[in-house]
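# Remarks on the overall topology
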Amino acid sequence: MATIKDVAKKAGVSPSTVSRVIAGSNRISQETKERVRRAMEQLGYVPNAIARSLARSNTHTIGFTMCRRADQVFSNPFFPEAIRGMSAVAQEKDYNILLSISLTPEEELKKCLQLVRERRVDGLILSTSRVRDPLIEALVKEDAPFVVIGRSADQPVRSVNNDNVKAGYQATLHLLDQGYRHIAYLSGPQDLVVSVDRLNGYKQALIERGIPVVPERIEVAEISEEGGTQAMYHLREKGVLFDAIVAADDLLALGALRYAHEQGVHVPDELGIVGFNDTPIMSYTHPPLTSVRILSYQLGVEAMELLLEGLEHPEKAQTKKEILLPSELIVRKSSCPDRL
């Protein structure tokens, strides 16, 4: 296998000149570049991709980081849709995507800093943000290019988000308008900004209608169908009165629906259910589930475009920019009781 020294000898130049040609240096004459390239072609020399990216200070690779179990990542339709959106832009701009999946926030922080410091990626897209997020804080200190899907609670960063407070408010208001009065809330982990925002929207709607916020009706669960079912049973075990559910994710809503089927509770006459994300399966459940439609694919598109804009124009990368996408409540049978 030919080496860089072999190429240099055949082209009659130094190995450092060959390296500069590979890196695309403007300081090498066109004649020398052509001579080096001919030597590379004749010898069948292929430059190491990692070495070439280090020399050029770019990898044409974007990291997408997620902190959750791998089975949760790919069972939640939000993430594949967001990745599909990112991929559409990355493919058009000749970028690759590196997926980094971690089990804990500490592991995610370590992996992301390693990717940045070893220059294995040009920038990062974070799939979620946490309250007082150490990862965002560390990336800001590293001066690393990144974009958040969601929003940062305390750092001025570039992000793409839904108005989750408004969406939580509208979902709850819809149930109130349907005549439900004892509305419980199934939340994702409360260290996630998105969970806090949707919960605040739920509270806002209740307060506006003069209905007290009952802490016992707020149940925090793992974002999975099983997590939603367990949360419903926990509400029942606590003796909490509820006639409707706002679930912060469709998987939690499916768990609530499973609970209703297991317990013989009629949806929607005895229990109204609203979910979040409006994944395709929601229209095929029995009954079809009302859900807040989040533009997952577009979130991925906008996040990738925003990051690449910062990479192409570094002067923009340091300025805060938040892109806010609309959401829409898709009303189906699960929240429309026959009594009305």
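Located above this text is the structure these notes cover.
Residues numbered from 1 in each chain as written. Predicted model: local features only at pLDDT ≥ 70, side-chain atom pairs only at ≥ 80, totals over all residues. Heavy atoms only, no water.

### Some points on the overall build of the protein chain
The helix and strand inventory of the protein chain stands at 14 helices and twelve strands. Relative to its length of 340 residues, the protein chain is extended, with a C-alpha radius of gyration of 25 Å against a globular reference of 20 Å. Across its three principal axes, the protein chain shows a C-alpha extent of roughly 90 × 35 × 30 Å. A burial count over the protein chain gives 51% of its 340 residues as buried. (Helix = DSSP H or I, 4+ residues; strand = E, 2+ residues; numbered from the N terminus. Rg over C-alpha atoms; globule rule 2.2 N^0.38 Å. Buried < 20%, exposed > 50% of the residue type's maximum accessible area, 1.4 Å probe, protein only.)

### A closer look at the packing of aromatic side chains
The final tally for this structure, using the stated rule, is three aromatic pairs. Seen from their ring centres, Tyr-185 and Tyr-202 are 5.0 Å apart, and the 35° between their planes marks the pair as tilted. Highlighted residues: Tyr-185 in strand S6 (residues 183–187) and Tyr-202 in helix H10 (residues 193–208), separated in sequence by 17 residues. Judged by relative accessible area, Tyr-185 falls into the buried class, the value being 0%. Taking the centre distance of 4.9 Å and the plane angle of 80° together, the rings of Tyr-233 and Tyr-259 count as edge-to-face. Separated by 26 residues along the polypeptide, Tyr-233 in helix H11 (residues 225–237) and Tyr-259 in helix H12 (residues 250–263) bring together distant segments of the chain. For Tyr-259, a relative accessible area of 5% puts it in the buried group. (Phe/Tyr/Trp six-rings, centres within 6.5 Å; stacked < 30°, edge-to-face > 60°.)

### What to know about the sheet that holds strand S11 (residues 321–325)
If you walk across this open sheet you meet the six strands as S2-S1-S3-S4-S5-S11, and the pairing is parallel. A strand with exactly one partner marks an edge of an open sheet, and here the two such strands are strand S2 (96–102) and S11. Shown here is a sheet whose adjacent strand axes are inclined to one another by a mean of 20°, direction ignored. In this structure, strand S3 (residues 123–126) lies alongside strand S4 (residues 146–149), joined through three bridges in parallel fashion. If you follow Ile-125 over to S4, its bridge partner there is Val-147. The sheet contacts of helix H6 (residues 78–92) involve strand S1 (61–67), S2, S3 and S4, and relative to S1 the element is tilted by about 170°. (Pairing = 2+ DSSP bridges. Axes fitted to C-alpha atoms, helices over the stretch in contact; angles between N-to-C directions. Contact = heavy atoms within 4.5 Å.)

### Some details on the sheet that holds S6
Across the sheet, which stays open at both edges, the six strands sit in the order S7-S6-S8-S9-S10-S12 with mixed pairing between neighbours. The open sheet has two edge strands, strand S7 (218–220) and strand S12 (328–330), and neither has a second partner. On average, each strand axis in the sheet is tilted by 20° relative to the strand beside it, whichever way the strands run. Note: strand S10 (residues 290–293) against S12, three bridges, orientation antiparallel. Considered in S12, the bridge of Ser-291 is made with Ile-330. Contacts from helix H9 (residues 164–177) reach S6, strand S8 (244–247), strand S9 (272–277), S10 and S12 within the one sheet, and its direction differs from that of S9 by about 160°. Of the strands in this sheet, S6, S8, S9 and S10 are in contact with H12, which crosses S9 at around 155°.

Geometry only, nothing functional implied.
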